[in-house]
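# Structural description and commentary
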Amino acid sequence: DAKTTQPTSMDCAEGRAANLPCNHSTISGNEYVYWYRQIHSQGPQYIIHGLKNNETNEMASLIITEDRKSSTLILPHATLRDTAVYYCIVRVGSGTASKLTFGTGTRLQVTL
Amino acid sequence: DTAVSQTPKYLVTQMGNDKSIKCEQNLGHDTMYWYKQDSKKFLKIMFSYNNKELIINETVPNRFSPKSPDKAHLNLHINSLELGDSAVYFCASSLGGGADTQYFGPGTRLTVL
């Protein structure tokens with residue numbers, strides 16, 4: 001299984017961009033990178049995913065390096081409500097048997 | 001309308017008891033999951049079902065038995081509860097397999113005394 005490495009915690013000022021890094025140096029060519037977040041005491045929430053191209057949606061942007069060994073999740077204008085644990089996940093398997101293996105994540109604290 | 005719902009939200013019980021947690025999704029998804037999040041906040045998949053068929057069964061004690069009466073429901077029955085079963089259990093669903101966006105329920109906090 002491809003493993004991911006993330007910083008344990010990060011701080012970000014409200015209104016600034018939050019850049020959350022993730023290393024996945026053992027990722028295989030057909031494995032996707034997913035980002036989920038978990039706000040305190042709630043179920044995880046999907047943010048974004050990608051294979052090798054950069055991706056953007058209404059929540060965030062995902063930048064994947066050309067060698068695919070690392071990626072960065074960008075929250076362009078962080079708010080207090082973005083305070084959460086952010087999980088970078090490499091999908092394992094394919095089809096109905098594919099699964100997400102959550103790591104320890106990065107605890108993002110957004111402050112005034 | 002709640003997309004993925006779980007009942008109960010909290011469950012406190014004695015060791016040795018048998019309990020069930022229910023999950024329902026109204027998203028029309030084919031795949032449902034059970035995850036366990038322990039006190040150290042590690043979130044681990046336990047089971048997945050696709051169209052009522054068991055697909056993923058991680059190394060979970062056989063005291064845990066999932067049941068899927070239909071595509072919209074995946075219940076988790078736990079026999080002979082132990083202290084180590086105390087955790088938050090999350091149900092999730094996705095349209096297809098784990099590659100699709102998974103929608104999580106609010107969780108059930110189980111405390112075994």
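Above this text sits the structure in question.
This text gives an overview of the structure that appears in the document. Small disclaimer: the values here were computed from a predicted structure and weren't measured.

### Observations concerning the nonpolar core
If you look at the biggest cluster of nonpolar residues, it comprises 21 residues, and the most contacted ones within it are Trp 35, Leu 73, Tyr 86 and Leu 108 of chain A. At the level of secondary structure, the elements contributing two or more residues to this core comprise β2 (18-23), β3 (33-38), β4 (45-50), β6 (61-64), β7 (70-75), β8 (84-92) and β10 (106-111) of chain A. Per-element accounting of this core gives the leading share, 4 residues, to β8 of chain A. If we ignore the near neighbours within four places in the chain, the residues touching Leu 108 of chain A are Met 10, Asp 11, Cys 12, Ala 18, Leu 20, Leu 75, Asp 82, Thr 83, Ala 84 and Tyr 86 of chain A. By size, the runner-up hydrophobic cluster in this structure holds 19 residues, among which are Tyr 49, Ile 78, Ala 87 and Tyr 89 of chain B.

### Some details on the sheet that holds strand β8 (residues 73-78) of chain B
Residue and element names in this part refer to chain B. Read across the sheet, 4 strands follow the order β1-β3-β8-β7 without closing on themselves; strand pairing throughout is antiparallel. Unpaired on one side and paired on the other, β1 (4-7) and β7 (64-70) mark the two borders of the sheet. When the angles between neighbouring strand axes are averaged without regard to direction, this sheet yields 20 degrees. As judged from the 5 bridges shared by β7 and β8, these two strands associate in the antiparallel manner. Looking across to β8, one finds that Ser 65 is bridged to His 77.

### Quick notes on the interface of chain B and chain A
Often the size quoted for an interface is simply the accessible area lost on bringing the parts together. Taken together, the contact pairs 21 residues of chain B with 18 residues of chain A. Our count for the chain B to chain A interface comes out at 1 salt bridge. Here Glu 58 of chain B ties to Lys 99 of chain A by a salt bridge, and the two come within 2.9 Å at their closest N and O atoms. At the junction of chain B and chain A, the tally comes to 3 residue pairs in polar contact (both at pLDDT 80 or more). Elements represented by at least two residues in the side of chain B that touches chain A include exactly β4 (31-37), β5 (43-50) and β6 (53-57) of chain B. It is β5 of chain B that contributes the most residues to the side of chain B that touches chain A, 4 residues altogether. For the side of chain B that touches chain A, the class distribution of residues is 10 nonpolar, 8 polar and 3 charged.

### Re unusual backbone geometry
Looking along the chain, the bond that leaves Thr 7 of chain B and enters Pro 8 of chain B is cis, with omega of -5 degrees. In this fold, Pro 8 of chain B is placed in the loop between β1 and β2 (10-13). Positive phi is not limited to glycine here, since Ser 41 of chain A has a value of about 70 degrees. Secondary-structure assignment places Ser 41 of chain A in the loop between β3 and β4. Accessibility expressed as a relative area gives 47% for Ser 41 of chain A, which makes it partly exposed. With a phi angle near 50 degrees, Asn 51 of chain B is a residue other than glycine that sits in the positive phi range. For Asn 51 of chain B, the location among the structural elements is in the loop between β5 and β6.

Conventions adopted
Residues numbered from 1 in each chain as written. Chains lettered and ligands numbered in written order. Predicted model: local features only at pLDDT ≥ 70, side-chain atom pairs only at ≥ 80, totals over all residues. Heavy atoms only, no water. Core = buried A, V, L, I, M, F, W, Y, C linked by side-chain atoms within 4.5 Å. Buried < 20%, exposed > 50% of the residue type's maximum accessible area, 1.4 Å probe, protein only. Helix = DSSP H or I, 4+ residues; strand = E, 2+ residues; numbered from the N terminus. Contact = heavy atoms within 4.5 Å. Pairing = 2+ DSSP bridges. Axes fitted to C-alpha atoms, helices over the stretch in contact; angles between N-to-C directions. Salt bridge = Lys/Arg side-chain N within 4 Å of Asp/Glu carboxyl O. Polar contact = N/O pair within 3.5 Å; in protein donor to acceptor, adjacent residues only side chain to side chain. Nonpolar A, V, L, I, M, F, W, Y, C, P; charged D, E, K, R; others polar.

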